[in-house]
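Summary of the model geometry
So the chains spell out like this:
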Amino acid sequence: MRYWLFKSEPSTWSWDDQVAKGDAGEEWDGVRNYQARNFMREMSLGDHGFFYHSQKDREIVGIVEVCAEAHQDSTTDDDRWDCVDIKAVKPVETPVTLDMVKADQRLADMKLVTNSRLSVQPVTEDEWKIVCEMAGI
DNA sequence: GCCAACGTTGGC
DNA sequence: GCCAACGTTGGC
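Calculation notes
- Residues numbered from 1 in each chain as written.
- Chains lettered and ligands numbered in written order.
- Predicted model: local features only at pLDDT ≥ 70, side-chain atom pairs only at ≥ 80, totals over all residues.
- Heavy atoms only, no water.
- Buried < 20%, exposed > 50% of the residue type's maximum accessible area, 1.4 Å probe, protein only.
- Helix = DSSP H or I, 4+ residues; strand = E, 2+ residues; numbered from the N terminus.
- Arc of directions from axis to C-beta.
- Contact = heavy atoms within 4.5 Å.
- Polar contact = N/O pair within 3.5 Å; in protein donor to acceptor, adjacent residues only side chain to side chain.
- Near = heavy atom within 4 Å.
- Nonpolar A, V, L, I, M, F, W, Y, C, P; charged D, E, K, R; others polar.
- Phe/Tyr/Trp six-rings, centres within 6.5 Å; stacked < 30°, edge-to-face > 60°.

The name given to chain A in an unreviewed UniProt entry is Ubiquinol-cytochrome c reductase, and the organism recorded there is Litoreibacter roseus.

Okay, structure coming up:
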């Protein structure tokens, strides 16, 4: 099992939107960045990820699960772009803000901190555990 | 709303 | 293949 982080602007696609899709899940489409796409290609069914709200909120708000491995992004005919499907697993007890992540030295290497523009990123097992603890999970 | 950082595009 | 120009993202 590997761990990831999915970033979204809540005004475009929020945690609530994701939860509304239930177990059917939803394509994580629209990614037009090779690094992010490559990470999605590495994902396996059942991998878990954090759902992060960028922009105004800047906090991790929920846990998601990969429910379909990488396939053609249905929003484009360009076969360079693949995406996975994810479904909401559960919300966090306490949102973990970007400030909280930055304040914890153990999380200093998270892509969220070092490469803020990357919209799909890998999370190490250690980082996963630490953030889950902070989130009250 | 601004701007820095980054990725992509296209001319040479 | 290099690099300048441009567009986009996201933190502040």
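**A short note on helix H2 (residues 34-42)**
Every α-helix carries 3.6 residues per turn, so stepping three or four residues along brings you back to the same face. Of all the positions in H2, only Ala36, Arg37, Phe39 and Met40 are classed as buried. An end-on view of H2 places all buried positions within 160 degrees of arc, on one side of the element. Buried-residue contacts for H2 involve strand S1 (3-8), strand S4 (59-72), strand S5 (82-97) and strand S6 (120-123). For H2, the capping residue at the N-terminal end is asparagine 33, with a side-chain oxygen 3.1 Å from the backbone nitrogen of glutamine 35.

**Let's talk about the protein's contact with DNA strand B**
The full set of residues close to DNA strand B is Asn33, Tyr34, Gln35 and Arg117. Within 4 Å of the protein, the atoms of DNA strand B are drawn from sugar and phosphate moieties in a proportion of 56%. A distance of 3.1 Å is found between a phosphate oxygen of DNA strand B and a side-chain nitrogen or oxygen belonging to glutamine 35. For DNA strand B, a base oxygen lies 2.3 Å from a polar atom in the side chain of arginine 117. Per-class residue counts for the surface near DNA strand B are one nonpolar, two polar and one charged.

**Describing helix H5 (residues 125-135)**
Turning to H5, its buried residues number three or more, namely Glu127, Trp128, Ile130, Val131, Cys132 and Ala135. Looking at the buried residues of H5, the elements they touch are S1, strand S3 (48-53), S4, S5 and S6. Positive backbone phi, at 80 degrees, marks glycine 136, one or two positions downstream of H5.

**A closer look at the packing of aromatic side chains**
Tallied over the entire structure, the rule returns seven aromatic pairs. Each ring, one from tryptophan 15 and one from phenylalanine 51, has its centre 5.5 Å from the other, and the planes form 65 degrees; the classification is edge-to-face. Of this pair, tryptophan 15 sits in helix H1 (residues 15-20) while phenylalanine 51 sits in strand S3, and the two are 36 residues apart along the sequence. Using a relative accessible area of 8% as the deciding quantity, one classes tryptophan 15 as buried. Ring geometry for tryptophan 28 and phenylalanine 51: centres 5.6 Å apart, planes at 85 degrees, overall edge-to-face. On the criterion of sequence distance, the pair formed by tryptophan 28 in the loop between strand S2 (26-27) and H2 and phenylalanine 51 in strand S3 is long-range, its members being 23 residues apart. Neither residue differs from the other here; tryptophan 28 and phenylalanine 51 are each classed as buried.

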